[in-house]
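Here are the chains, one letter per residue:
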Amino acid sequence: MGLLEKMLQVLFPEKSSCLVCGCPAGTDIMCEGCMQRIVSRQGFSLCPRCGRYMPEAGEGGRYCPECREAPPAFFMARSLGPYGGDLKQVIYMYKYSGYRSLCGSLGLLMAELFLREQGFWDSDIIVPVPLSEEKLRIRGFNQSELLAERMGQLLHLPVARCLLRTIDTHSQSKLTRQERQDNIRGAFTINRQAWPAFTNGATERPYGKVLLVDDILTTGATVGECSRVMLRAGAENIGVITLASGLQGKI
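Colleague: Give me the lowdown on the pairing of strand β10 (residues 237-245), citing residues and values where you can.
Modeller: For β10, the buried fraction is high: eight of the nine residues fall into the buried class. Judged from the six bridges that link them, strand β3 (residues 76-82) and β10 form a sheet pairing that is parallel. For Gly-81, the partnering residue across the bridge sits in β10 and is Ala-244. Pairing of strand β9 (residues 209-217) with β10, which is carried by eight bridges, proceeds in the parallel orientation.

Colleague: How would you summarise the confidence of the model for the protein chain if you had to cite specific residues and measurements?
Modeller: Detailed reading of predicted coordinates is not advised where the pLDDT is low. Counting all residues, the mean pLDDT for the protein chain is 83, and 78% of those residues have values of 70 or more. Below a pLDDT of 50 lies the segment residues 8-13, which in the model reaches three contacts outside its immediate sequence neighbourhood of four places, other chains included.

Colleague: Hey, could you go over the sheet that holds β3 for me, with residue numbers and the actual values?
Modeller: Ordered by their spatial adjacency, four strands build an open sheet running β3-β10-β9-β4, and the pairing between neighbours is parallel. Of all the strands in the sheet, the pair left with one neighbour each is β3 and β4 (125-128). Mean inter-strand twist for the sheet, computed between neighbouring axes without regard to direction, equals 20°. Here helix α4 (residues 85-96) sits on the sheet and contacts β3, β9 and β10; the angle it forms with β10, its principal contact strand, is near 100°.

Colleague: Please set out the packing of aromatic side chains residue by residue, giving values where relevant.
Modeller: Both the distance between ring centres and the angle between the ring planes are used here to describe each pair of aromatic rings. Taken as a whole and judged by the stated rule, the model has four aromatic pairs. On the numbers, 6.1 Å between centres and 15° between planes, the contact of Phe-114 with Phe-120 is stacked. We note that Phe-114, like Phe-120, is buried.

Colleague: Before we move on, can you summarise the side chain of Gln-143 with the specific residues and values?
Modeller: Of note, Gln-143 is situated in helix α7 (residues 143-155). By relative accessible area, Gln-143 is classed as buried at 3%. When neighbours within four sequence positions are excluded, Gln-143 is seen to be in contact with Tyr-94, Lys-95, Leu-131 and Asp-215.

Cut-offs and rules
Residues numbered from 1 in each chain as written. Predicted model: local features only at pLDDT ≥ 70, side-chain atom pairs only at ≥ 80, totals over all residues. Heavy atoms only, no water. Buried < 20%, exposed > 50% of the residue type's maximum accessible area, 1.4 Å probe, protein only. Helix = DSSP H or I, 4+ residues; strand = E, 2+ residues; numbered from the N terminus. Pairing = 2+ DSSP bridges. pLDDT = per-residue confidence, 0-100. Contact = heavy atoms within 4.5 Å. Axes fitted to C-alpha atoms, helices over the stretch in contact; angles between N-to-C directions. Phe/Tyr/Trp six-rings, centres within 6.5 Å; stacked < 30°, edge-to-face > 60°.

Here it is, written out as structure tokens:
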């Protein structure tokens, strides 16, 4: 490409169509309307602890029965919306159809979610949930890591790849809640070389407050195990942000 072509491309960037609806999307990969539609929670309430959704007729604002019986290791989880509809379609395109550039729009939405939730504001680092070596080889990228990097750029927070996946577990998609917990137990460990130290004024606290990033929270088994590992290593607390969360009672 010659110099003139490069200058024209900068001055007049090619306009694209939205991947979801096909409407003009300017220079983005997803139009503003679809970006707002996939974060809609209309008709749903959520558990304030695990962040999973329930019909609006449910007891919104109160912990779900599972969190009351056995609170998760993380203090709070939030997502863009329930796993279904356009959001499910976008996640599928991002993970499996080669549209990894969607991490820009999705990471922006996750950063905006972070800013709406005051409980996340004192996070020290962002940590992505790691993939197994086999899945990373097949997919070619870690979808959670790209989202974490985009959020880190927007929120000016460091991203630490301080979790390692040491066991290539079976797929969680068709397992019950208990089977998911059993399947994922012991699958993660801390990468000490990437586990940073922080200084809070004159008081040094070695591990800090962590924002854990993943794509989908179904039962919370994976992010729960990651949180337990980091808490045992000295983290103060763990917050979780995902693209989507499951519906209560589905698993």
